[in-house]
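Each chain, letter by letter, is given below.
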Number of protein chains: 2
Amino acid sequence: MKSTFPAGSAGDAAQLQAAKDGFITQWGAMGSAWGINRTMAQVHALLMISTKPLTTDDIMEELKVSRGHANTNLRELCGWGLIRGIIPKGERKENFEAEKDIWKMFCIITRERKRREIRPAITVLKDCHERTETLKGGEAVAFSKQVKALREFLEMMDGILSKIARSEQSKILPWALKWLS
Amino acid sequence: MKSTFPAGSAGDAAQLQAAKDGFITQWGAMGSAWGINRTMAQVHALLMISTKPLTTDDIMEELKVSRGHANTNLRELCGWGLIRGIIPKGERKENFEAEKDIWKMFCIITRERKRREIRPAITVLKDCHERTETLKGGEAVAFSKQVKALREFLEMMDGILSKIARSEQSKILPWALKWLS
DNA sequence: TCGTAGTTTCAGGAAAGATTGAAAGCACAA
DNA sequence: TTGTGCTTTCAATCTTTCCTGAAACTACGA
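Residues numbered from 1 in each chain as written. Chains lettered and ligands numbered in written order. Predicted model: local features only at pLDDT ≥ 70, side-chain atom pairs only at ≥ 80, totals over all residues. Heavy atoms only, no water.

Q: Describe the sheet that holds strand 3 (residues 95–98) of chain B, naming the residues involved and giving the relevant values.
A: Residue and element names in this part refer to chain B. Ordered by their spatial adjacency, three strands build an open sheet running 1-3-2, and the pairing between neighbours is antiparallel. Pairing within the sheet leaves two strands with one partner each, and these edge strands are strand 1 (54–55) and strand 2 (83–86). In the sheet, strand 1 pairs with strand 3 via two bridges, with the strands oriented antiparallel. Within strand 3, the position partnered with T55 by the bridge is N95. Contacts from helix 2 (residues 38–48) reach strand 1, strand 2 and strand 3, with the element oriented near 85 degrees to strand 3. On the sheet, helix 4 (residues 67–80) packs against strand 2 and strand 3 and is oriented at approximately 115 degrees with respect to strand 2. (Pairing = 2+ DSSP bridges. Helix = DSSP H or I, 4+ residues; strand = E, 2+ residues; numbered from the N terminus. Contact = heavy atoms within 4.5 Å. Axes fitted to C-alpha atoms, helices over the stretch in contact; angles between N-to-C directions.)

In structure tokens form, the structure reads like this:
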């Protein structure tokens, strides 16, 4: 519903819009599968492929959601650090832009999920283990052992992911490529 | 609500039960966060720490869920390959037992999520890229480029995860430990 | 201080997802 | 073939989560 197409035909523009819509829809679906609010994933997708920062009203318009909902999801994404709000000088409206670098995105998501989900799980496992390791009886020993194995596994994962999330893409990528060969 | 405690006091048994319940609850909560039905995660937790195979009725009793629901979740877990049903000879009731090896569990989950979530996403990205790579105009070029970067990243991940999920734990673990140092 | 432009909050409606319970289905033994 | 013991299915219901819209709030300029 706009005016200027720097180049290409109207058909091209329609095709581009269709591809964008498909992308946003699918990214949203993928978000759901990973336990992320669909709209939040869509807002993220939209900002990720936008060539310029967008306002709350732009989001409302594109995704057909209410102002309240747009605002909530934008804030949440800011909380993750996946987007940031900027107020262009002279204006009062806030504009949002996404981190576009895939590797940085990956690092952010890894760090956050580690913090929000793996760490708490480790805490619980540690607790379960400590509360049962001194108990006698086959049942208790088996439980304690299983819980310990789980905990050690998650701690190893946590360590590896921390290390990866701290690395530069430039250090990981060539290594990954070699390793995959 | 049972009889024989091979060793230890009644207090010990209560403590063990409390720890088990805590574990099941928390594993369920963690499942939710990762986009997995809470009950399914709890059934998995229950079987993971059980020293013997359990029947549908055992699950119903422990988790206080209906027969239908227990059945659905057991089937789903079988679908993932995380548990298997066995019919002890001479009996007609099906018993379920979980894969207890953490590394194998991790491989199964990795493989399944790759198949169910990463592969479809790659397909969509490929499609978006192909539909726009020949279009003219700054917008189209930017979109195409971003989508391509995403796709390449996911394909790299897919490759790495495939490789890891095919490995023996014995090959990864020492390497991980060294790498973490 | 008031008015304006914008943002945030939240009660309640809507949609999605989980759970039940009961009926239908299945497999085997008598 | 009928009966028994167990599993599966599915409409109905309950729960959770999402989403809206409107009111409250904030920041700033005149």
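Q: Give me the lowdown on the protein's contact with DNA strand D, citing residues and values where you can.
A: Taken together, 15 residues form the shell around DNA strand D, and within it T39(A), S66(A), H69(A), N71(B) and R75(B) come nearest. Taking all atoms of DNA strand D within 4 Å of the protein, the share assigned to sugar and phosphate is 63%. A distance of 2.7 Å separates a phosphate oxygen of DNA strand D from a polar backbone atom of S66(A). Those elements that provide at least two residues to the surface near DNA strand D are helix 4 (67–80) of chain A together with helix 4 of chain B. Looking at which element gives the most residues to the surface near DNA strand D, the answer is helix 4 of chain B, with four residues. A breakdown of the residues in the surface near DNA strand D according to their chemical character gives one nonpolar, seven polar and seven charged. (Near = heavy atom within 4 Å. Polar contact = N/O pair within 3.5 Å; in protein donor to acceptor, adjacent residues only side chain to side chain. Nonpolar A, V, L, I, M, F, W, Y, C, P; charged D, E, K, R; others polar.)

Q: Could you give an account of the protein's contact with DNA strand C, with specific residues and numbers?
A: Neighbouring DNA strand C are 15 residues, the closest being N71(A), R75(A), T39(B), S66(B) and H69(B). Within 4 Å of the protein, the contacting atoms of DNA strand C are 64% sugar and phosphate, with bases supplying the remainder. At a separation of 2.6 Å, a phosphate oxygen of DNA strand C approaches a polar side-chain atom of T39(B). When residues of the surface near DNA strand C are traced back to their parent elements, those giving at least two are helix 4 of chain A together with helix 4 of chain B.

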